[in-house]
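Survey of secondary and tertiary structure
The lines below spell out each chain.
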Amino acid sequence: MHITRVALALAGLLLHASAIYAEDSDVYRLPSNIQPTAQTIDLKLNPSMPDYSGSTVILIDVQEDVERIGIHQLGLEMSAITLTSDGKSRNLDSTIAGYDINWLSDGDTIAAGQYELSIEFTGELAKDSLGMHRSRFEKKDYIFTQFESMYARRAIPTFDEPSFKIPYQLNIEAPEALTVIANAPVMSESTFDGWQRVKFEPTKPLPTYLIAYAVGPMDRAEIKGMSVPGYIYTPVGHADELGFVLSETANIVNALEDYFGSKYPFQKLDFIAVPEFAFGAMENPGLITYRTDLLMLGDNPTGRTAAAALSVIAHEVAHIWYGDVVTMQWWDDLWLNESFASWMGGRIIHQLYPQYETDLRLPQTRAFATDQRTSSKAIRKEVRTEEDSTEGGGLPYTKGKTLLTMLENYVGADVWQRSVRKYIEKFAWNNATEQDLWAVVSAESGLDVGKIAGDYLNQPGFAILDIDKNGAVTQQRYVPAGLEAPDLQWHIPLNVKYKKDDKVQETFYLLEGKSGTIDVPADADWIMPDGGGNGYFRWQTNIDQFYALVDDLAELDNREKIALLDNSDALLNANKLSLADYMFVMNKMLDDPHPLVVLPTIEKVLLIGGAFIGPDNADAFSRFIDAELSERFAEVGIDTGNDDSQALIQMRPRLLRVLGEYGADPAVREAASEMVDRYLESPESVDGNVGLEALRVTALNDDGGRYKKYIDTYLSSTSVDQQSSILSAIYFKDPAIITAFLDFSISDDVPAGDGINGVRYYTGILSDHTVVYKWLEENYDALEAKVPGYMHAFMPQLMVGGCNEKNRALLNSFFENRGEQYQTSLGKALEATDSCIARRARDGDALMEFLAQYN
Ligand SMILES: [Zn+2]
């Protein structure tokens, strides 16, 4: 599964109906002495109706005498529950227990043997894009599915655990005019009274979370050049928007087949574009689902848009081998499922499309931000519920990907690839755990990788290394300034780069205890312990060596530079580097020739802007921004040129943003404003990512006169992309417009998922939130009625910003008595605000000192 940025932020806070734990409250797994061996599912589905009906027959192997059979379902009406063996049938009753387990029994012993369990059921189609859900798009109704992690049970009674891998045979009845597709190819079709009955071939053995089907008015286009047949399905009328993805998919699939040394192992490989998808994409074998904006990209997307789509496709198809063919034993290894796909997808995209330089997006920089919290949890942990499985948000993806990359480097790429192939071959069509992977890699490499991996999986957080000028190194757990957490230790492989007597050299060191000594000469000019930029740790050398390193950036590769920048940010947050020193590092990085080194630096500058800049220092900051970046903007311009590198195309939008938001260069504002005119007129005429930032920059610097033009264009636009950009760019600061847009954002003209935009963005960009809270006092209930239910409990975190006592007080007084459900999120929101305020008090003067040079 791929999760989007918003979903990442929301994951772990999803709300669920609380189960009534009538009995067995500690039993959260089904008993292993009853094994399903195959399941047939019959569904009657009409996307225009709110409910549906179905029946299922599950073949089960009862391995010893039992009193009852456990099965999962949630929210379904089950009837006619019958257990049949040797032609004799018994009717069973159902008792609901904890963890969505239903116990089926007639009071008599069920003897060991083979049975057919049949159940009839009815249910309602979900509206929250999880489980079997109904979706309305362009005034037409669809049914889609998303069963990971534990949503199959809301659609069908099943043995809903990943270790039960069995073939499923689906039969779907639906209105005749609609397209019906599923994991497996169609075996036969027939029609009756305006309905069709579609019988699908049985699947290969699958866990329930990978079952997928869809019903609705669709078009399709063929993917050519793969080892199996495949189509991309879209909502009706959109099949001509698939050019780019159609042309690249086979390359990705073929490269993955080469890496794994085996062919794509299912009968077909269809993709489907799903509107209103909670996640980004889902790796159902034979029918991978994607959010529409990852597939419907036209013929020639560029920059981040293209790279992100390719990366998600590679991630999902990589899951086919790890996830689908070899499946985790239980959800505690979800981290491995996701990290493996992220690592593999990243590797393949960098190999096939080096022009996007996706290797310069370091996964650990995102992982650190989450994992440094003292409330962070180990990525391998006990999972009992859906909430447990999604709790870590994106951390299992990013931290796990970093770990796998680190281990691949440690054992060597060839050994790693051989191990992966052996592992897949050994556990094909079965289940495995992380221990199984480490056993194979250790046997191939002769190195104990489990010992290293365990520290990163079973403990939260990460180390900071203190390295003295002669290479003596000590580790402790990294914590941001002002916080405390129990100390921990890790096995840390270090690829150390150092310079001495004008020569850069490298050495390897495995830190196995609290402290040790890296083999570097005494008094090296500088020491960089994160050679390659792959390490999952922070580090500090003495300040002279640090300055020498920053003055010698040309000796580092681009990954190392980005890792150094991020590490400097961490040192600042731990109060181990002054803000003046940090600005010195940033300033060097802003001069870098490579756009993808400058890009993450711009992101850091924007963070400094958000945290530190107010009316008293805005002018000084704007002189710094203009002095360091105006010239670059003049060089690259606002429009994409034919010779632009993909790296430049990725950087340009954010360069425009930082100059337009914090700088004062009239040339930048004019270019943005002129682009807005073109973009509103014809969205295809400009790069959409630049168009979005041009809209924002222009709104920020506008007196409000253009607001109406933005909204009118939104209302009349036929481009979903353009509409979504406009809704993300209402940054006009006129109070009357703020109120007008907040009203608009909860109207029927705005999709539910965007209903929060007004509140979210305005609390992000305004230094005084009074006007927003004034609106909220009158409209909060309407806002909650508008936005998806899973957002409600953490509304306070969606309103963090402004970084001052006044906004803090507004936030606190609004939510503190509003209900128990907001208090956890309010606590986190206040903590974030407090830490920002403290940082400002501590480092504000140092920033002014640094900025003084631009007077
Ligand atoms: Zn995934």
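Note that the structure is predicted; figures quoted are calculated from it, not measured.

Conventions and cut-offs
Residues numbered from 1 in each chain as written. Predicted model: local features only at pLDDT ≥ 70, side-chain atom pairs only at ≥ 80, totals over all residues. Heavy atoms only, no water. Helix = DSSP H or I, 4+ residues; strand = E, 2+ residues; numbered from the N terminus. Rg over C-alpha atoms; globule rule 2.2 N^0.38 Å. Areas by Shrake-Rupley, 256 points an atom, 1.4 Å probe, with all protein chains shown as cover. Lys, Arg positive; Asp, Glu negative; His and termini not counted. Charge placed at Lys NZ, Arg CZ, Asp CG, Glu CD. Core = buried A, V, L, I, M, F, W, Y, C linked by side-chain atoms within 4.5 Å. Buried < 20%, exposed > 50% of the residue type's maximum accessible area, 1.4 Å probe, protein only. Contact = heavy atoms within 4.5 Å. Polar contact = N/O pair within 3.5 Å; in protein donor to acceptor, adjacent residues only side chain to side chain. Pairing = 2+ DSSP bridges. Axes fitted to C-alpha atoms, helices over the stretch in contact; angles between N-to-C directions. Phe/Tyr/Trp six-rings, centres within 6.5 Å; stacked < 30°, edge-to-face > 60°. Lys NZ or Arg CZ within 6 Å of the ring centre and 35° of its normal. Patch = residues over 30% accessible without salt bridge, like charges linked within 9 Å, V, L, I, M, F, W, Y side chains within 5 Å. Salt bridge = Lys/Arg side-chain N within 4 Å of Asp/Glu carboxyl O.

1. Here's the deal with the overall build of the protein
- A count of helical and extended segments in the protein gives 27 helices and 29 strands.
- For a compact globule of 855 residues, the expected C-alpha radius of gyration is about 29 Å, and the protein comes in at 28 Å, within 12% of that figure.
- Its C-alpha atoms give the protein principal-axis dimensions of roughly 90 × 65 × 55 Å.
- Here the protein has roughly 32,700 Å² of accessible surface; of this, 47% comes from carbon and sulfur atoms.
- Both charge centroids of the protein, one from 73 positive and one from 126 negative side chains, sit 1 Å from each other.

2. Examining the nonpolar core
- Core analysis: the biggest nonpolar cluster contains 270 residues, and Tyr 213, Phe 271, Tyr 423, Phe 624, Tyr 762, Leu 776 and Leu 783 have the highest contact counts within it.
- Examining the composition of this core, we find that 11 residues originate from one element, helix H4 (residues 303-321), more than from any other.
- Residue contacts for Tyr 423: discarding those within four places in its chain leaves Tyr 322, Val 326, Leu 336, Ala 432, Thr 433, Asp 436, Leu 437 and Val 440.
- Counting 22 residues, the second largest nonpolar core, distinct from the first, contains Val 62, Leu 92, Ile 110 and Leu 117.

3. Brief notes about the environment of Asp 436
- Here Asp 436 lies in helix H10 (residues 434-445).
- Residue class for Asp 436 comes out partly exposed when judged on its relative accessible area of 24%.
- As a C-alpha pair, Asp 436 and Gly 450 span 14 residues in sequence and 9.8 Å in three-dimensional space.
- Setting aside chain neighbours within four positions, we find Asp 436 in contact with Tyr 423 and Phe 427.
- In this structure the side chain of Asp 436 is engaged in a polar contact, spanning 2.8 Å, whose partner is the backbone nitrogen of Thr 433.

4. Let's talk about the sheet that holds strand S23 (residues 463-467)
- An order of S27-S24-S23-S29 is seen for the 4 strands of this open sheet, with the pairing classed as mixed. Sheet topology places strand S27 (515-517) and strand S29 (537-540) at the edges, where each strand pairs with a single neighbour. Neighbour to neighbour, the strand axes of the sheet diverge by 25° on average, direction disregarded.
- For strand S24 (residues 472-477) and S27, the ladder comprises 3 bridges, and the chain directions are antiparallel. Each residue of the ladder has a partner; that of Thr 474, found in S27, is Ser 515.
- Packing of helix H13 (residues 558-573) onto the sheet brings it into contact with S23 and S29, and relative to S29 it is tilted by some 75°.

5. A few points about the sheet that holds strand S2 (residues 51-62)
- If you trace the 8 strands from one edge of the open sheet to the other, you get S5-S4-S8-S2-S1-S11-S14-S13, paired in mixed fashion. Since the sheet does not close on itself, it has two edges, and those belong to strand S5 (88-91) and strand S13 (186-192), each with one partner. For this sheet the average axis-to-axis angle between neighbouring strands, irrespective of direction, equals 15°.
- By the bridge criterion, 10 bridges tie strand S1 (residues 34-44) to S2 in an arrangement that is antiparallel. In the strand pairing of S2, Pro 36 is matched with Ile 60.

6. Quick look at the packing of aromatic side chains
- All told, the structure shown has 44 aromatic pairs when counted by the stated rule.
- On the numbers, 5.9 Å between centres and 75° between planes, the contact of Tyr 259 with Trp 343 is edge-to-face. Residue Tyr 259 is found in helix H2 (residues 243-260), and its partner Trp 343 is found in helix H5 (residues 334-352); the two are separated by 84 residues along the sequence.
- When the ring centre of Trp 103 is taken as origin, the NZ or CZ atom of Arg 68, which lies over that ring, is 3.7 Å away.

7. Quick notes on the pairing of strand S26 (residues 503-511)
- For strand S25 (residues 492-500) and S26, the ladder comprises 9 bridges, and the chain directions are antiparallel. Bridge pairing in S26 places Asn 495 opposite Phe 508.
- Connecting the antiparallel pair S25 and S26 is a turn made up of 2 residues, with Asp 501 showing a positive phi of about 50°.

8. Side note on a negative patch on the surface
- Together, Glu 64, Asp 65, Glu 67 and Asp 108 give the surface a local cluster of negative charge.
- Structurally, the position occupied by Asp 65 is in the loop between S2 and strand S3 (69-72).

9. Points about the side chain of Asp 160
- Mapped onto the elements, Asp 160 comes out in the loop between strand S10 (140-146) and strand S11 (168-175).
- In terms of polar contacts, Asp 160 uses its side chain to reach the side chain of Arg 153, at 2.8 Å.
- Contacts of Asp 160, omitting those with residues within four sequence positions, involve Leu 30, His 72, Met 150, Tyr 151, Ala 152, Arg 153 and Thr 208.

Shape descriptors only; they carry no functional weight alone.
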